[in-house]
Amino acid sequence: MDLRTMTQSLVTLAEDNMAFFSSQGPGETARRLSSVFAGVREQALGLEPALGRLLGVAHLFDLDAETPANGYRSLVHTARCCMAHLLHKSRYVASNRRSIFFRTSHNLAELEAYLAALTQLRALTYYAQRLLATNRPGGLFFEGDEGLTSDFLREYVTLHKGCFYGRCLGFQFTPAIRPFLQTLSIGLVSFGEHYKRNESGLSVTASSLFTSGRFAIDPELRGAEFERITQNLDVHFWKAFWNITEIEVLSSLANMASVTVRVSRLLSLPPEAFEMPLTTDPKLTVTIPPPSAHMGPAPVLVRLISYDLREGQDSEELSSLVKSEGPRTLELWPRPQQAPRSQYLIVHFHGGGFVAQTSKSHEPYLKTWAQELGVPILSIDYSLAPEAPFPRALEECFYAYCWAIKNCALLGSTAERICLAGDSAGGNLCFTVSLRAAAYGVRVPDGIMAAYPATMLQPSASPSRLLSLMDPLLPLSVLSKCVSAYAGGETEEDSTSDRKALGMMGLVQRDTALLFRDLRLGASSWLNSFLELSGRKSPRDSVPIAESMRRSVSEAALDQPDDPKGTDSLKNLTLHDLNLKSSSETSGTSELSLSAETLGPSKPSDVNFLLRPEDTPEEDEAQDKLSPEPLDKGRGICATFPKGFRPRRSSQGPTQMPIYSSPIAKNPFMSPLLAPESMLQTLPPVHIVACALDPMLDDSVMFARRLRSLGKPVTLRVVEDLPHGFLSLAALCRETRQAAALCVERIRLVLTPPGTTVPAAPV
């Protein structure tokens, strides 16, 4: 049913039901039913033309004709889902309103909930129109000045959200997902209640998560509490909640239900520097230092998963690296004969918003991958924010990636083909690790499979991110807190209630962490200023400093020429050596003087979100047609809404959400979408699997469009009706299994050398 027909049918039914209940006397229930149908009629009539305008230009933001996906399409689809549910309910009411079995209170509550949702969706549609009128042609992210951006976000986060977390929870997703989301929401609000009661906020048992029956039987109460939690509790709460899957009972159950593999070993890589050959000249090497940011050198934990026991995987050298996990640590079964080393290797980075989860959380689907692909998988347990902010995770993942190449024989692989794979935050790390490998001059992976990756870590609005208003798995305030923690910007003070929830020891730990962070930032600022002054005086007199003081490669890459490796004839080169010559010749500033603060916003010439010039006139015309009247900063953000329309506002008070972005979020090693073209040119073939209803959809679309405009091989597959994080739900239903199988198919494309067959699953 097309949009206009659906709207007309809904309006007709609403008017019929409104007339019926208006004639039923002065009763309160009849009055409320008549009022709700009047509201449905009003919102449907107001929403239909706005959705039509979005549909008229949505195709301009697709990757290509075969991939019709972007945030504008997703917003229209979500609004249609809400209208379809109201249409179904209106028909039911019209057919059964005279029956003695008609459940008046239940139907009234459901209609009121979906009317509230439709009202908020209408507000989101107007926000989307504002994005269209403000952004550059072809751009999906809000590109106003920082003040206008913060005004937009501050206004947006005041919208009421509870209606999406109660009776309407997950209405936009496939029906098979909704029972899981309801269970999750009950668990979340119950966990929030126990979190505040418990002094440490962490000692919560799995059985206690679902004991609050009042949240199970009262959707409105559950929705209000869900909204309060998402708006007010800090990243430490979300870290604790997302790590619930690693409770021994739950992880054991997940293990029992997952594929049985021969090898599942947690390894601890010692923090020792080693040499890697340069791709341009294997006779030359570069030093790969151990991770040192924020916490100093420390071991990196990785998990080796293999369906078959392969040569090298039971060697004494590898066994010396095994780290005990308790009774279920090792699934290494004796076999009469070992399988030969695989030609392929998968290096995996898990998701979790950079703040939560480990390879243990993602082990069930990784075991399935190991079985279906017959390839060893090395999953990296990188350190998590806010205790270990950027670039610690990147350093650890890059170090483990290089270690895997150098020691592939121990992993049961010859590493002829290497695929980086990751989901969400892990997808971000796939791109940044590859960029870092290119900056170091070492081997770049043969391809990347990124599932619903985060490529833009600035708090910038986009049409798909508007969907975070209703997404139970990725609310905008939670996303912003995770990004702020990863950027090292966890500075907001907690409310009194949150401080009580932390308890005395929690407060001591947090205050100590804040103290060390302030000392670190202060020392870093002083050191950078000192080096900058020294560099201005005499850049040629700069003295190589110790390895632990060396600048990060993310800063080094920004001022490298196209060939960062140069032609030095030294046998052993460090990153400092690789960049010293080019930096001293091209800049009057010492190569050590760049800091996160000095990066600043990227210039338009460096970061180009536009398509090729020949594609822009049509978009300019569409933009001119879309905005019937100018929406400028002087008129205020409320000018977004037409006269007479006001969305519902949150009753939970101001949202504790970081509005202004840290300058470090513009670093291309944190937000790869902002990387200059010269860096993106170094990426291998990229395969992205995204979700149409994911708030991060536009990250995938814009990243794929940038790569496509550069002539880089990239594919984008978008799955319908599934939420962010579907890989962790792979066993839940047929739709998630199909989406997970699509990820496996993309990995096979990477592992298949030209002219050979796809690696088949073991029999």
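If you're wondering where the values come from, they're calculated on a predicted model, not measured in any experiment.

## What to know about the overall build of the chain
Here is step 1: Within the chain, the secondary structure is distributed over 23 helices and 11 strands.
Here is step 2: Intrachain contacts of the chain at a sequence separation of at least 6 include 82% that bridge at least 24 residues.

## A few points about the pattern of salt bridges
Two side chains carrying opposite charge are able to pair once their charged atoms lie near each other.
Here is step 1: All told, the structure shown has 20 salt bridges when counted by the stated rule.
Here is step 2: Between R708 and D64 there is a salt bridge, with the nearest N and O atoms lying 3.2 Å from each other. Of this pair, R708 sits in helix α22 (residues 697-709) while D64 sits in the loop between α2 (28-58) and α3 (71-96), placing them 644 residues apart in sequence.
Here is step 3: The class of R708 is partly exposed, set by a relative accessible area of 30%.

## Points about α2
Here is step 1: Along its 31 residues, α2 runs 43 Å from first to last C-alpha, staying within 8% of the 45 Å computed at 1.5 Å per residue.
Here is step 2: Its maximal kink placed at L47, α2 deviates by approximately 25°, while the proline P49 follows within four residues.

## Here we look at the nonpolar core
Generally speaking, soluble globular proteins have nonpolar side chains that are buried together.
Here is step 1: L124, I288, W369, Y401 and F726 are the most contacted members of the largest nonpolar core, which totals 214 residues.
Here is step 2: Examining the composition of this core, we find that 16 residues originate from one element, helix α4 (residues 104-134), more than from any other.
Here is step 3: Residue contributions to this core reach at least three from each of two domains, namely domain 1 (1-131) and domain 2 (259-324 + 339-463 + 663-751).
Here is step 4: Ignoring sequence-local partners within four residues, the contact set of Y401 consists of V347, I418, L420, V433, A437, R443, V444 and P445.

## Thoughts on unusual backbone geometry
Here is step 1: For the bond running from A385 to P386, omega is 0°, close enough to zero to count as cis.
Here is step 2: Residues F390 and P391 are joined by a peptide bond in cis, for which omega reads 10°.
Here is step 3: Note on placement: P391 falls in the loop between β6 (377-381) and α13 (392-406).
Here is step 4: Even without being a glycine, F354 presents a positive backbone phi close to 70°.
Here is step 5: Within the secondary structure layout, F354 lies in the loop between β5 (342-349) and α12 (359-373).
Here is step 6: You will see that A415, though not glycine, has its phi angle at about 55°, which is positive.

## Section: the packing of aromatic side chains
Here is step 1: On inspection of all chains with the given rule, the structure shows 24 aromatic pairs.
Here is step 2: With a centroid separation of 5.0 Å and an interplanar angle of 55°, the aromatic rings of F61 and Y72 are classed as tilted. In this pair, F61 sits in the loop between α2 and α3 while Y72 sits in helix α3, placing the two residues 11 residues apart along the sequence.
Here is step 3: On the accessibility criterion, F61 (6% relative accessible area) is buried.
Here is step 4: Taking the relative accessible area as the measure of exposure, Y72 reaches 0% and is therefore buried.

## Overview of the pairing of strand β4 (residues 300-306)
Here is step 1: Burial of β4 is extensive: 6 of the 7 residues sit out of reach of the surface.
Here is step 2: Judged from the 5 bridges that link them, β4 and β6 form a sheet pairing that is antiparallel. Counterpart to L301 in the pairing with β6 is D381.

## Looking at helix α1 (residues 3-22)
Here is step 1: The end-to-end C-alpha distance of α1 is 28 Å, a good match for the 28 Å that 20 residues give at a rise of 1.5 Å each.
Here is step 2: Those residues of α1 hidden inside the fold are in contact with α2 and α3.

## Details of the packing of α2 against α4
Here is step 1: For the pair α2 and α4, the least separation of the axes is 9 Å and the interaxial angle reads 25°. In this view, α2 runs roughly parallel relative to α4, as classed from their interaxial angle. The handedness of the crossing between α2 and α4 comes out as left-handed.

## Some points on the sheet that holds strand β1 (residues 263-269)
Here is step 1: Strand order in this open sheet of 8 strands is β1-β4-β6-β5-β7-β8-β10-β11, and the pairing throughout is mixed. The sheet is open, and its two borders are formed by β1 and β11 (714-719), each paired with just one other strand. Taking the axes of each pair of neighbouring strands and ignoring which way they run, one obtains an average angle of 20° across the sheet.
Here is step 2: Bridge count between β5 and β6: 4 bridges; the pairing is parallel. Among the inter-strand pairings, V347 is bridged to a residue of β6, identified as L378.

## Things to note about the pairing of strand β2 (residues 274-277)
Here is step 1: Along β2, the buried face is formed by F274 and M276; none of E275 and P277, which line the opposite face, is buried.
Here is step 2: Note: β2 against strand β3 (residues 285-288), 4 bridges, orientation antiparallel. Bridging from a neighbouring strand, E275 pairs with T287 of β3.

## Some remarks on the confidence of the model for the chain
Here is step 1: Taken as a whole, the chain shows an average pLDDT of 79; of its residues, 72% reach a score of 70 or greater.
Here is step 2: This model gives residues 199-204 a pLDDT under 50, and the stretch forms 15 contacts once residues within four places in sequence are excluded.
Here is step 3: This model gives residues 491-638 a pLDDT under 50, and the stretch forms 203 contacts once residues within four places in sequence are excluded.

## Side note on the packing of α1 against α3
A packed helix pair is summarised by two numbers, namely the angle formed by the two axes and the spacing between the axes.
Here is step 1: α3 packs onto α1 with a crossing angle of 40° between their chain directions and a minimal axis gap of 9 Å. For α1 against α3, the interelement crossing comes out left-handed. Where α1 approaches α3, its residues L3, M6, T7, S9, L10, L13, D16, N17 and F21 are matched on the opposing element by R80, M83, A84, L86, L87, S90, R91, V93 and A94.
Here is step 2: For the contact of α1 with α3, the class distribution of residues is 11 nonpolar, 4 polar and 3 charged.

## Observations concerning the side chain of S424
Here is step 1: Tracing the backbone shows S424 in the loop between β7 (413-423) and α14 (425-440).
Here is step 2: Given the relative accessible area of 12%, S424 is considered buried.
Here is step 3: With near-sequence residues (within four places) excluded, S424 lies in contact with G351, A451, Y452, P453, A454 and H724.

## Some details on the environment of E395
Here is step 1: When you line up the elements, E395 lands in helix α13.
Here is step 2: For E395, a relative accessible area of 11% corresponds to the buried category.
Here is step 3: As a C-alpha pair, E395 and R436 span 41 residues in sequence and 9.1 Å in three-dimensional space.
Here is step 4: Leave out the neighbours within four places in its chain, and E395 touches P291, S292, A293 and R436.
Here is step 5: Polar side-chain contacts of E395 include one of 3.0 Å to the backbone nitrogen of S292.
Here is step 6: In terms of polar contacts, E395 uses its side chain to reach the backbone amide nitrogen of A293, at 3.0 Å.

## Brief notes about the environment of L467
Here is step 1: Examined against the element boundaries, L467 turns out to sit in the loop between β8 (447-451) and α15 (476-486).
Here is step 2: For L467, a relative accessible area of 3% translates into the label buried.
Here is step 3: Residues within four places of L467 in sequence aside, it is in contact with S74, L75, T78, Y156, A692, L693 and P695.

## Description of the state of the cysteines
Here is step 1: Taken as a whole and assessed by the stated rule, the structure comprises 0 disulfides.
Here is step 2: Between C430, a free cysteine, and C419, which holds the nearest cysteine sulfur, the sulfur-to-sulfur gap is 7.6 Å.

What counts, and where the lines are drawn
- Residues numbered from 1 in each chain as written.
- Predicted model: local features only at pLDDT ≥ 70, side-chain atom pairs only at ≥ 80, totals over all residues.
- Heavy atoms only, no water.
- Helix = DSSP H or I, 4+ residues; strand = E, 2+ residues; numbered from the N terminus.
- Contact = heavy atoms within 4.5 Å.
- Salt bridge = Lys/Arg side-chain N within 4 Å of Asp/Glu carboxyl O.
- Buried < 20%, exposed > 50% of the residue type's maximum accessible area, 1.4 Å probe, protein only.
- Expected span 1.5 Å × (residues − 1).
- Bend = angle between axes of the 7 residues up to and from the residue.
- Core = buried A, V, L, I, M, F, W, Y, C linked by side-chain atoms within 4.5 Å.
- Domains from an automatic or database assignment.
- Phe/Tyr/Trp six-rings, centres within 6.5 Å; stacked < 30°, edge-to-face > 60°.
- Pairing = 2+ DSSP bridges.
- Axes fitted to C-alpha atoms, helices over the stretch in contact; angles between N-to-C directions.
- Parallel < 35°, antiparallel > 145°, perpendicular 65-115°, else oblique.
- Left-handed = near helix turned anticlockwise from the far one by under 90°.
- pLDDT = per-residue confidence, 0-100.
- Nonpolar A, V, L, I, M, F, W, Y, C, P; charged D, E, K, R; others polar.
- Polar contact = N/O pair within 3.5 Å; in protein donor to acceptor, adjacent residues only side chain to side chain.
- Disulfide = S-S within 2.5 Å.

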